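What follows is each chain in one-letter form.
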Amino acid sequence: MSGTIFKVNDLSYTYPGGLAGLHDINFSVSRGENIAFLGVNGSGKSTLLKLIDGLYFPNKGTIAAFGEPLTEQQLRDEEFAFAFRRRVGFLFQDPDSQLFLPTVWQEVAFSPLQMGLAKEEAAEKTNAALKALGIEKLKDRIPYQLSEGEKKKVALASLLALDPEVWLLDEPTANLDPRTQDWVIEFILSLAEKGKTLVVAIHELEVAKVIAHRAYILGEDHSLAAQGDPREILQDEELLLRVNLMHRRRHCHPGLTHRHPYQHSHQHPRK
Amino acid sequence: MCRKTLWRTNFIDRTLAGLTEAIKQAVFAERYARLPGLLQGLDPRGKIVTFLALLIATALSRQLGVIAVIYLLTVILAMASRIPLMFFLKRVWLFIPLFTGAIALPAIFNFITPGQPLVTIMTFAVPVNWGPVHLPAAITITAQGLRGAEIFILRVGTSVSLSVLLILTTEWAKLLRALAALHFPRTAILIFGMTYRYIFLFIKVAEEMFLARRSRAVGRTNVREQQNWLSYRLGFLLNRSTKLSNEVYLAMLSRGWNGQAYFLDDFRFRWPDAAWIAFTIAFCGGIIILEKMK
């Protein structure tokens, strides 16, 4: 791992209307690193990804991408914007936001064409991406005819067609059945094996442990509550209870119903 | 059962049926476009150009017989493209009398189109002058008026039939790509494509809203409450579409949107396309000769 991809300093963001989005955020992402941002709904994970993708801009603080400041003005420079979009891909939480064209084929071909590839090359990359995800048979389908899992695969194929070096993934396993969730986790791990830099917003602790080298936890006050090795900080029950990522809840086992934090890190007491 | 309850049931059920029907129609239309029929197998670019030529021929023709020949060709093409005949006829002729009939109706009378009277509808003692309105002593249907209305209705029916046939035998996405290949404004084509893609999402959302209401509709509700509910849900749908459009724009930016739309097509111009274009040219030539034989 060498080189810094993103460097975020003292970042704060407020939504139009005055609602707090993020407060005093500092972190950096190195090349080839896999980072997970964990937090409850509304803690600012998606907003943070949009900020480092140059879709929103901070009210305070700075973001640098590939050693250059990532600002609205900088992204107006076509050359910079082209290079940045070519290197960074964003998977949106809701595939319906990302899949805006009438067919799967057009959807996957969108980015290669926007990036100025020749038609033959764009077609080649589109076919390769569809094949890599095993969805060639969906190519003439209309997005509204697809299941949630298929939509997610098409959205991933649309990024793969461009093969960016940085993947920003917003809740990649949300609203999926267990089999598709596992498939997505495998896909993310295959990206990591290829040396891609991954920044993943997620609230499933077990998934974060599997895919991330480092985890940042966002609290409900929209600031960073902790950071570290996910296998270590996600054992900190007190922290997880404080940021609402874990609850003491009643649950059942054969012959036993009891209440404790949902992670089973201890032996159940005999009734 | 009281009237209020009946109205409530009909209002929800009718709206639900309408929403479901809209999706069903679109799915069926796409299914017809994928059948292995005559027109489905042709290059959409050639199809658009030739159908445009047939539409112009229909619009310029002044003879009922000539327009009837074009209409006959349209029906034969629909049958050769495996479009069920009754479905095709109903899709066009259920609405034509309603809209064009209303426009053409006044033209059959002598106060709009003077000429040889066929039937007398009404007589007055003297011609009527009501401000700018002048009516003759006898209001009649004229032969010239009737002929004009026949030509008008058949022309509109043939034009609509041609347009419906083009849409039924061409997948919407291919139609848009073909328009792009023919140098229609690309941004407009992109907007049409996105509209088509999202309209189904919102139909689905609306359908779920109505289903949720039906699942909770116990007892009687009055018209005012239903109107309030409907306006609230319309507002919700508008709000949701605004939020989604913002997200879609961000997704477009993130994927490299720079204000220019590009399209990828895999159209192949083959011998059946050349044969179809040659046939259309010959057919339009025949139409011109028929017109001059008047």
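Residues numbered from 1 in each chain as written. Chains lettered and ligands numbered in written order. Predicted model: local features only at pLDDT ≥ 70, side-chain atom pairs only at ≥ 80, totals over all residues. Heavy atoms only, no water.

Two side chains bearing opposite charge may form a pair once their charged atoms approach each other closely. Scanning the model with the defined rule gives 20 salt bridges over all chains in all. Asp 96 of chain A is paired through a salt bridge with Arg 197 of chain B; the nearest N and O atoms lie 2.7 Å apart. On the criterion of chain membership, the pair formed by Asp 96 of chain A in helix H4 (residues 95–98) and Arg 197 of chain B in helix H8 (residues 186–216) is interchain, its members lying in two chains. Overall, Arg 197 of chain B belongs to the buried group, its relative accessible area being 0%. (Salt bridge = Lys/Arg side-chain N within 4 Å of Asp/Glu carboxyl O. Helix = DSSP H or I, 4+ residues; strand = E, 2+ residues; numbered from the N terminus. Buried < 20%, exposed > 50% of the residue type's maximum accessible area, 1.4 Å probe, protein only.)

With that settled, the discussion passes to the environment of Leu 64 of chain B. All names here are of chain B. Take Leu 64: it is sitting in helix H3 (residues 64–80). For the pair Leu 64 and Gly 148, spaced 84 residues apart in the sequence, the C-alpha separation amounts to 9.1 Å. For Leu 64, the residues in contact, after removing those within four places along its chain, are Arg 147, Glu 150, Ile 151 and Leu 154. (Contact = heavy atoms within 4.5 Å.)

Here we take up the layout of surface pockets. Each pocket or cavity is described by its volume, and for the largest pocket that value is around 1100 Å³. For the largest pocket, the lining is made up of 35 residues, of which Asp 94 and Ser 97 of chain A together with Lys 243, Leu 244 and Glu 247 of chain B are closest to its centre. Taken together, the elements giving at least two residues each to the lining of the largest pocket come down to helix H1 (45–52) and H4 of chain A together with H8 and helix H9 (223–254) of chain B. No other element matches the six residues that H8 of chain B contributes to the lining of the largest pocket. A breakdown of the residues in the lining of the largest pocket according to their chemical character gives 13 nonpolar, nine polar and 13 charged. By volume, the second largest pocket is sized at about 540 Å³. Taken together, 21 residues line the second largest pocket, and the ones lying closest to its centre are Leu 75, Ala 81 and Arg 85 of chain A together with Leu 253 and Trp 257 of chain B. Among the elements of the structure, helix H2 (72–76) and helix H3 (78–87) of chain A together with H9 of chain B are those that each provide at least two residues to the lining of the second largest pocket. In terms of residue count, the dominant contributor to the lining of the second largest pocket is H3 of chain A (four residues). (1 Å grid on protein atoms, 1.4 Å probe; cavity = no way out; pocket = protein on both sides within 12 Å on 5 of 7 lines; lining within 4 Å. Points joined across faces, edges and corners; volume = space filled by probe spheres on them. Nonpolar A, V, L, I, M, F, W, Y, C, P; charged D, E, K, R; others polar.)

Glancing now at empty space enclosed by the protein. If a probe as big as a water molecule is rolled over the atoms, it shows which places are left empty. With the rule as written, the count across this model stands at three cavities of 30 Å³ or more. Computed from the structure, the largest cavity encloses a volume of approximately 70 Å³. In terms of lining, the largest cavity is formed by Leu 101, Trp 105, Gln 106, Ala 109, Phe 110 and Leu 113 of chain A together with Leu 190, Tyr 262, Phe 263 and Leu 264 of chain B. When residues of the lining of the largest cavity are assigned to their parent elements, the largest contribution, five residues, is made by helix H5 (residues 104–114) of chain A. Of the residues belonging to the lining of the largest cavity, the class tally is nine nonpolar, one polar and no charged. Roughly 40 Å³ of internal volume is contained in the second largest cavity. The wall of the second largest cavity is formed by Arg 85, Val 88, Gly 89, Phe 90, Ser 111, Leu 159 and Leu 162 of chain A together with Ser 254 and Arg 255 of chain B. The greatest single-element share of the lining of the second largest cavity, amounting to three residues, is contributed by strand E6 (residues 88–91) of chain A. Partitioned by chemical class, the residues of the lining of the second largest cavity number four nonpolar, three polar and two charged.

Take the packing of helix H2 (residues 44–60) of chain B against helix H10 (residues 271–292) of chain B next. Residues and elements named next belong to chain B. It is the contact of H2 with H10, at a shortest axis distance of 10 Å, that shows an interaxial angle of 5°. By the angle class used here, H2 and H10 are roughly parallel. Contact residues: H2 offers Gly 46, Lys 47, Thr 50, Phe 51, Ala 53, Leu 54 and Ala 57, while H10 offers Trp 276, Ile 277, Thr 280, Phe 283, Cys 284 and Ile 287. Within the contact of H2 with H10, the residues separate by chemical class into nine nonpolar, three polar and one charged. (Axes fitted to C-alpha atoms, helices over the stretch in contact; angles between N-to-C directions. Parallel < 35°, antiparallel > 145°, perpendicular 65-115°, else oblique.)

At the junction of the two partners, chain B supplies 34 residues and chain A supplies 36 residues. Approximately 3100 Å² of surface area, both sides summed, lies buried where chain B meets chain A, with 58% of it carried by carbon and sulfur atoms. Interface area lost by chain B to chain A is led by Arg 197, Arg 255 and Leu 264 of chain B, which between them contribute 30%. Put simply, chain B and chain A have three salt bridges between them. For Arg 255 of chain B, the salt bridge identified is with Glu 107 of chain A, shortest N-O distance 2.6 Å. Seen at the junction of chain B and chain A, the total is 14 residue pairs in polar contact (both at pLDDT 80 or more). Residue assignment for the side of chain B that touches chain A shows that the elements contributing at least two residues are helix H1 (3–33), helix H7 (172–181), H8 and H9 of chain B. When the residues that make up the side of chain B that touches chain A are grouped by side-chain class, the tally is 21 nonpolar, five polar and eight charged. (Buried area = accessible area lost by both parts, 1.4 Å probe. Polar contact = N/O pair within 3.5 Å; in protein donor to acceptor, adjacent residues only side chain to side chain.)

Further remarks concern the environment of Lys 125 of chain A. All names here are of chain A. Take Lys 125: it is sitting in helix H6 (residues 119–132). For Lys 125, a relative accessible area of 31% puts it in the partly exposed group. Distance from Lys 125 to Ala 109, taken between C-alpha atoms, is 7.8 Å for residues 16 residues apart in sequence. Ignoring sequence-local partners within four residues, the contact set of Lys 125 consists of Leu 117 and Ala 161.

Now for the nonpolar core. Membership of the largest hydrophobic core comes to 98 residues, with the highest contact counts inside it found for Phe 6, Phe 27, Ile 52, Phe 84 and Phe 100 of chain A. Non-local contacts of Ile 52 of chain A, meaning those with residues more than four positions away in its chain, are made with Phe 6, Val 8, Phe 27, Ile 63, Leu 70, Phe 84, Leu 168 and Val 199 of chain A. (Core = buried A, V, L, I, M, F, W, Y, C linked by side-chain atoms within 4.5 Å.)

Residue and element names in this part refer to chain A. Sheet architecture is open: four strands sit in the order E2-E1-E4-E5, paired in antiparallel fashion. Of all the strands in the sheet, just strand E2 (20–30) and strand E5 (68–69) have a single pairing partner and so form its edges. In this structure, strand E4 (residues 60–65) lies alongside E5, joined through two bridges in antiparallel fashion. By the bridge assignment for E5, Ala 64 is matched with Pro 69. (Pairing = 2+ DSSP bridges.)

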